[in-house]
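Structural overview for review
What follows is the residue order along each chain.
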Amino acid sequence: MKIRIALFLGIFVLCSLFIYFGRLNQPKQTLVDSVTSENHYGDRLPNQEKRQVLYQFIINRLSGSDGIFTNYLDTDQALNVATGHEVLSESEGLMMRYYVMTKQQDAFDKEWALAKQTLNLSSGFSYRYSPKTDKRYSLNAAVDDLRIIRALYEAGDMFEDARYTEEADTYGGRFYENNVKDRNVYDFYDESYKMTNDFITLCYIDLTTLQKLPIKSDKAQQLSSNMLSVVQDGYLSDPFPFYETRYQYETSSYSSENINTVESLLVILSLSEVKQQNPSSIRYLKEHVKSGTLYGQYTLEGTPTNDIQSTAIYAITAMIGSQIGDHELYENSIRRISQYQILDTDSLLYGGFGDERTQTAYSFDNLMALLAFAY
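Values in this document were obtained by computation on a predicted structure and should not be read as measured data.

1. Points about the nonpolar core
Counting residues in each nonpolar core, the largest one holds 104 residues, and the members touching the most others are F108 and F242. Setting aside chain neighbours within four positions, we find F108 in contact with M96, Y99, V100, A151, L152, A155, F159 and Y164.

Shown next as C-alpha cells:
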C-alpha cells in the first residue's frame, strides 16, 4: 500500500511540474536590437494593414487541419514542452477571442468547432494535442479553459445568440466542478488521475471570466473574492510593481524562482479588466514601454536577468493600455510591436513575428500581437 501511495504522489508531482514548466516555459520569440532589412517598413504601415498581413501569416503559414501550430517549424513532437505543429488550447482560445472582437461569426464558428474536435475532453479542454502521435494530453490548463469559456460568453453578447451563452454555461459549470475546490481555482485537472495540482499560478486567474461562471451568487462572490485576494497579496513592491508567480494553498505562501514578465503582465491585465490595477504598475509599464526596456525576466528585487524581449510583452501592455483607456500606453506599445513585424515580402515569415534566421515563429507571440492590434 505504501508503495502504491508513493507512486501516486510521485505521478502527481510530475504532472504538476509537467504542465507548469512545460507550458509556461515554452520558447518565445527574441526581439533584435534593430531592424536591418530594407524591406521592413513596419512604422509606415497603418495598424489595420499590419493586422491583416499578420492574420494572413497565421492562417496560411501557422495553421493546419487540427488548429494553430505552436511553432512554424515542425518537430517530432516528442518533447516535454509543446513544439512544432502541436496545437494548444491557449492558441485556439486566443483566436476565438479575436474573431469575436472583429465580429467574424462564421470564422468563430469554424474555430470553435475545430477546438472542440481537437481538444475537448470529458473534464476540460486538453491543453495540448500532438497530430503526429494523435495524442490528446489528459490535463487541462485553467487559464486556457477560462479563455475559451470567455470567448463563448463574448460571442453570445457580440452576435446576440444565446446558443453561445448556453455553451459557455455548460463548459463553465464543468470547469467549476473540476478546477475549483473550496472556492479556489487550481492550475489543472488531470482526467486520467481525477485530480488537481495543489497551487495556482497567478497569471492563470482570469478574474473577469470567474465572475461569469454559472454558479450561485454566494459561491460566485466567495470565489471571486478569494482569487482577487490571492492576486493582490502577491504584489511584490512599489519599486518593482510586479507579482509573485504562484500561490500554494496548503501553506498559504507564494513562491517565485524569478519573475517572468509575461506572467506578471497577464496578472496586471486581469486586474485592469476588473478595475483593480495598481497605479504603481501602470506607471512602471508606461516608463519602460516608452524607453523600450521591458525585459523578459527579473529577480524578485527587479533586476533584469537578461536583455531578452518578446512581442508578447508589448502586446500585453497594449491590451492593458486599451483596457484602462490610456492611449499613450497603447500607442507606444503598438509602436514597439511594429518595429519587429517581418514585412519583407520575400520572407517565409512575411507578416508574422519570429526569427528569420532559424525560421521559428511561435503562436503565442503572433496571436497576442493580433489581439493587440484588434483591441
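And the narrative resumes.
2. Notes on the environment of G124
Within the secondary structure, G124 sits in the loop between α4 (105-119) and β4 (128-130). For G124, the contacting residues outside a window of four places in its chain are L119, N140, D145 and R174.

3. Section: the sheet that holds strand β12 (residues 253-255)
Spatial ordering of the open sheet is given by β10-β11-β12, a layout of three strands whose pairing is antiparallel. In the strand order of this sheet, the two ends are held by β10 (199-201) and β12, each with one partner. Pairwise comparison of adjacent strand axes, ignoring direction, gives a mean angle of 25 degrees for this sheet. Relative to strand β11 (residues 246-248), β10 runs antiparallel, the two being bridged by three bridges. Within β11, the position partnered with T201 by the bridge is R246.

4. A closer look at unusual backbone geometry
Although it is not a glycine, D134 sits at a positive phi angle of roughly 50 degrees. Checked against the element boundaries, D134 lands in the loop between β4 and β5 (135-136). If you check the backbone angles, K194 has positive phi at about 55 degrees while not being a glycine. Relative to the assigned elements, K194 resides in the loop between β8 (189-190) and β9 (195-196). Overall, K194 belongs to the exposed group, its relative accessible area being 57%.

5. Some thoughts on the pattern of salt bridges
The tally for this structure, following the rule as stated, stands at 13 salt bridges. Of the charged contacts, one joins D206 and R150 as a salt bridge, the two residues approaching to 3.5 Å between their closest N and O atoms. With a gap of 56 residues between them, D206 in the loop between β10 and α7 (207-210) and R150 in helix α5 (residues 142-158) connect regions that are remote in the sequence. Note on R150: relative accessible area 9%, which makes it buried. Each of R97, R150, E154, D206 and E273 takes part in salt bridges that share partners, so that together they form one network.

6. Re empty space enclosed by the protein
Going through the model one piece at a time under the given rule, you end up with two cavities of 30 Å³ or more. By volume, the largest cavity amounts to about 240 Å³. Lining the largest cavity are 17 residues, and of these R147, R150, D206, L266 and L269 lie nearest its centre. Where the lining of the largest cavity is concerned, the elements lending two or more residues are α3 (89-101), α5, α9 (261-273) and α13 (363-374). The biggest single contributor to the lining of the largest cavity is α9, with four residues.

7. Observations regarding the side chain of D161
Structurally, the position occupied by D161 is in the loop between α5 and α6 (162-179). Not counting chain neighbours up to four residues away, the residues in contact with D161 comprise Q105 and G156.

8. Considering the confidence of the model for the protein chain
Detailed reading of the predicted coordinates is not advisable wherever pLDDT is low. Averaged over every residue, the pLDDT of the protein chain is 90; residues scoring 70 or more account for 88%. In this model residues 1-42 is a low-confidence stretch, pLDDT under 50, and it forms 85 contacts with partners more than four residues away in sequence or in other chains.

9. Focus on the sheet that holds strand β3 (residues 87-88)
With antiparallel pairing, three strands are arranged side by side in an open sheet as β3-β4-β5. The open sheet has two edge strands with one neighbour each: β3 and β5.

10. Focus on the packing of aromatic side chains
Throughout the structure, instances matching the rule amount to 20 aromatic pairs. Ring plane angle 65 degrees and centroid distance 5.9 Å describe the contact between W112 and F125, whose orientation is recorded as edge-to-face. Residue W112 is located in helix α4, and its partner F125 is located in the loop between α4 and β4; the two are separated by 13 residues in the primary sequence. Take W112 and F125: they sit in the same class, and that class is buried. Lying across the ring of Y164, R163 places its NZ or CZ 5.8 Å from the centre. The residue whose ring lies beneath R174 is F125, and the NZ or CZ to ring-centre distance is 4.9 Å.

11. What about helix α2 (residues 47-61)?
The end-to-end C-alpha distance of α2, which contains 15 residues, comes to 21 Å, matching closely the 21 Å that a straight helix rising 1.5 Å per residue would cover. Considered for burial, the residues of α2 that qualify are K50, R51, V53, L54, Y55, F57 and I58. In this structure, the buried residues of α2 make contact with β1 (63-64), α3, α12 (327-338) and α13.

Conventions we followed
- Each residue is numbered by its place in its chain's sequence as written, counting from 1.
- Side-chain atom pairs in this predicted model are given and counted only at pLDDT of 80 or more, local residue features only at pLDDT of at least 70, and totals for whole chains, interfaces and linings cover all residues.
- Computation of side-chain values covers all heavy atoms of the structure but excludes hydrogens and water.
- Nonpolar cores are built from buried Ala, Val, Leu, Ile, Met, Phe, Trp, Tyr and Cys residues. Side-chain atoms within 4.5 Å join them into one set.
- Using a 1.4 Å probe on the protein chains alone, a residue whose accessible area is under 20% of its type maximum counts as buried, one over 50% counts as exposed, and one in between counts as partly exposed.
- Working rule for contacts: check all heavy atoms of both residues, and any pair within 4.5 Å makes them a contact.
- Numbered from the N terminus, helices here are DSSP runs of H or I no shorter than four residues, and strands are runs of E no shorter than two.
- Whether two strands pair depends on DSSP finding at least two bridges between them.
- Fitted lines through C-alpha atoms serve as axes, helices being fitted only where they are in contact, and the angles separating the N-to-C directions of these axes extend from 0 to 180 degrees.
- Whenever Lys or Arg places a side-chain nitrogen within 4 Å of a carboxyl oxygen from Asp or Glu, that contact is recorded as a salt bridge.
- Residues are said to line a cavity or pocket when one of their atoms sits within 4 Å of a point; the points come from a 1 Å grid over protein atoms alone, cavities being sets where a 1.4 Å probe fits but cannot get out and pockets being open sets with protein on both sides within 12 Å along at least five of seven lines.
- Grid points are joined across faces, edges and corners, and a volume is the space filled by probe spheres set on the points.
- Here pLDDT means the predictor's own confidence in every residue, given as a number from 0 to 100.
- Any pair of Phe, Tyr and Trp rings, taking the six-membered ring for Trp, is counted once the centres come within 6.5 Å. Such a pair is stacked with planes under 30 degrees apart, edge-to-face with planes over 60 apart, and tilted for the rest.
- Two conditions define a charge located above a ring, namely a distance within 6 Å from the ring centre to NZ of Lys or CZ of Arg, and an angle within 35 degrees of the ring normal.
- Expected span of a helix, by definition, is 1.5 Å for each gap between consecutive residues, and there is one gap fewer than residues.

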